[in-house]
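# Chain and residue survey
The lines below spell out each chain.
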Amino acid sequence: MSFGIKPLGDKIVIQRLEAETKTSSGIILTSQTKEKPQIAEVVAIGPGTDEIKIEVAVGDNVIFTNYAGTNIKYEGEEYIILSQKDILAIVQ
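One structure accompanies this document, and this report is about it. Just so it is clear, the structure is predicted and the values come from calculations on it, not from any experiment. (Residues numbered from 1 in each chain as written. Predicted model: local features only at pLDDT ≥ 70, side-chain atom pairs only at ≥ 80, totals over all residues. Heavy atoms only, no water.)

So, about the overall build of the chain. For the chain, the helix and strand inventory stands at zero helices and six strands. For the chain, the N- to C-terminal ordering of α and β elements is β-β-β-β-β-β. Split into buried and exposed, the 92 residues of the chain put 27% on the buried side. Pairs at least 24 residues apart make up 60% of the contacts formed inside the chain by residues separated by at least 6 positions. Summing over all exposed atoms, the chain offers an accessible surface of approximately 6,500 Å²; the carbon and sulfur share of this is 50%. (Helix = DSSP H or I, 4+ residues; strand = E, 2+ residues; numbered from the N terminus. Buried < 20%, exposed > 50% of the residue type's maximum accessible area, 1.4 Å probe, protein only. Contact = heavy atoms within 4.5 Å. Areas by Shrake-Rupley, 256 points an atom, 1.4 Å probe, with all protein chains shown as cover.)

Structure (structure tokens):
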């Protein structure tokens, strides 16, 4: 999927998944009380480097570290560009 951002090296572009709007007990959360999820979908990957092989694929859902990467807005959507080392796991 090519959407206009081509990451370089070991960089990966992710888009954060939507936060839950309801708790498990049914309480509806306002935008201020919602926690930003640490799960995102990979939307673009760089080619990797000689030292770093890219281990994720476009479409994977991943868990990433707090405060990782650079937040950007592109064509009205919010994305994060981060290094692969900031990705902790792939959600199966």
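Excluding glycine, a negative phi dihedral is what most residues carry, and trans is how most peptide bonds are arranged. In this structure, Tyr 67 takes a positive phi of about 60 degrees despite not being glycine. Its location among the elements puts Tyr 67 in the loop between strand S3 (61–64) and strand S4 (70–74).

Taking strand neighbours across the sheet as the criterion, the six strands line up as S4-S5-S1-S2-S3-S6 in an open arrangement whose pairing is antiparallel. Strands at the two margins of the open sheet, each flanked by one partner only, are S4 and strand S6 (87–91). Shown here is a sheet whose adjacent strand axes are inclined to one another by a mean of 40 degrees, direction ignored. Where strand S2 (residues 39–45) meets S3, three bridges bridge the pair, whose relative direction is antiparallel. Its bridge partner lying in S3, Ile 39 is registered against Ile 63. (Pairing = 2+ DSSP bridges. Axes fitted to C-alpha atoms, helices over the stretch in contact; angles between N-to-C directions.)

This part takes up the environment of Gln 84. With respect to the helices, strands and loops of the structure, Gln 84 is situated in the loop between strand S5 (77–83) and S6. Judged by its relative accessible area of 9%, Gln 84 is buried. Expressed as a C-alpha distance, the spacing of Gln 84 and Gly 69, which sit 15 residues apart in the sequence, is 9.9 Å. Not counting residues within four places of it along the chain, the set of residues in contact with Gln 84 comprises Asp 10, Ile 12, Ile 52, Lys 53, Ile 54, Glu 55 and Val 56.

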